[in-house]
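Residue-level structure breakdown
Next come the chains, spelled out residue by residue.
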Amino acid sequence: MPQSPFASFANATLTWILPGAAAGVDPITGNRMFAAGESLVVAAMLKAASAYRKERLPGVSLQAVYLEGRVVSVSLNGQPGTLLIPNTIQHEARASATWDELNGEFVILRRGRSPFKTEEIIGDRLIGWFEIK
């Protein structure tokens, strides 16, 4: 895995629970059952200078802090991965989070990736709202 140039600035951890691979079939209903996986994202996040014109989502508190940064590392089910956020994490997905030693919840705003694939070297861009809990 490539080392992020922002590793020394890491100040946030985000944890998403993701659907995993099929773990079997329910004997009563015949439905496939999925084992939940966990995606742990470590990032370097800064408070945006002004969140006045930023996309405010329904259900996000007015006291939420708008953060922008870069992914430092991603691990899936304890296995180190890449510097890219999994595609299974959708726009507006919520994660339990810690930022600057504050506990809360992070709501991600997914954006497209660069056509030059710079995210594979410097880490995915990570933006969204942090709600202190």
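Below: a short report on this structure. (Residues numbered from 1 in each chain as written. Predicted model: local features only at pLDDT ≥ 70, side-chain atom pairs only at ≥ 80, totals over all residues. Heavy atoms only, no water.)

1. A look at the side chain of Ser-4
Mapping Ser-4 onto the fold places it in the segment before strand 1 (12-25). Within the structure, the side chain of Ser-4 is placed 3.0 Å from the backbone nitrogen of Phe-6, a separation counted as a polar contact. Excluding residues within four positions of it along the chain, Ser-4 makes contact with Val-71, Val-72, Leu-83 and Ile-122. (Helix = DSSP H or I, 4+ residues; strand = E, 2+ residues; numbered from the N terminus. Polar contact = N/O pair within 3.5 Å; in protein donor to acceptor, adjacent residues only side chain to side chain. Contact = heavy atoms within 4.5 Å.)

2. Here's the deal with the environment of Asn-103
Position of Asn-103 relative to the elements: it lies in strand 6 (residues 102-108). Taking C-alpha positions, Asn-103 is 6.1 Å from Lys-133, a pair spaced 30 residues apart along the chain. Leaving out residues up to four positions away in the same chain, Asn-103 has contacts with Ala-97, Thr-98, Phe-130, Glu-131, Ile-132 and Lys-133. There is a polar contact of 3.2 Å between the side chain of Asn-103 and the side chain of Thr-98.

3. Some remarks on the packing of aromatic side chains
Across all of its chains, the model carries two aromatic pairs by this definition. Arranged with centres 5.0 Å apart and planes meeting at 70 degrees, the rings of Tyr-66 and Trp-129 form a pair that is edge-to-face. Separated by 63 residues along the polypeptide, Tyr-66 in strand 3 (residues 65-76) and Trp-129 in strand 7 (residues 125-132) bring together distant segments of the chain. Neither Tyr-66 nor Trp-129 differs from the other in exposure class; each is buried. (Phe/Tyr/Trp six-rings, centres within 6.5 Å; stacked < 30°, edge-to-face > 60°. Buried < 20%, exposed > 50% of the residue type's maximum accessible area, 1.4 Å probe, protein only.)

4. Here's the deal with the pairing of strand 5 (residues 94-99)
Going residue by residue along strand 5, you find Ala-95, Ala-97 and Trp-99 tucked away on one face and Arg-94, Ser-96 and Thr-98 left uncovered on the opposite face. Pairing of strand 5 with strand 6, which is carried by six bridges, proceeds in the antiparallel orientation. Bridge assignment links Arg-94 to a residue of strand 6, and that residue is Val-107. Taking the residues that link successive antiparallel strands as the turn, the strand 5-strand 6 hairpin has two residues, and the phi of Asp-100 there is positive, at about 45 degrees. (Pairing = 2+ DSSP bridges.)

5. Re unusual backbone geometry
Not every positive phi belongs to a glycine, and Glu-92 is a case in point at roughly 75 degrees. Here Glu-92 shows up in the loop between strand 4 (79-80) and strand 5. Here Asp-100, not a glycine, exhibits a phi torsion of approximately 45 degrees, which is positive.

6. A word on the pattern of salt bridges
The tally for this structure, following the rule as stated, stands at three salt bridges. The salt bridge involving Glu-105 is made with Arg-94; its shortest N-O contact spans 2.7 Å. Taken together, the residues span a long stretch of sequence, with Glu-105 in strand 6 and Arg-94 in strand 5 at a distance of eleven residues. For Glu-105, a relative accessible area of 23% puts it in the partly exposed group. Given the relative accessible area of 35%, Arg-94 is considered partly exposed. Its salt-bridge partner being Glu-131, residue Arg-94 comes within 2.9 Å of it at the nearest N-O pair. Linking Arg-94 in strand 5 with Glu-131 in strand 7, this pair joins segments that are 37 residues apart in sequence. Since its relative accessible area comes to 5%, Glu-131 is described here as buried. Put simply, Arg-94, Glu-105 and Glu-131 are held in one network by salt bridges that share partners. (Salt bridge = Lys/Arg side-chain N within 4 Å of Asp/Glu carboxyl O.)

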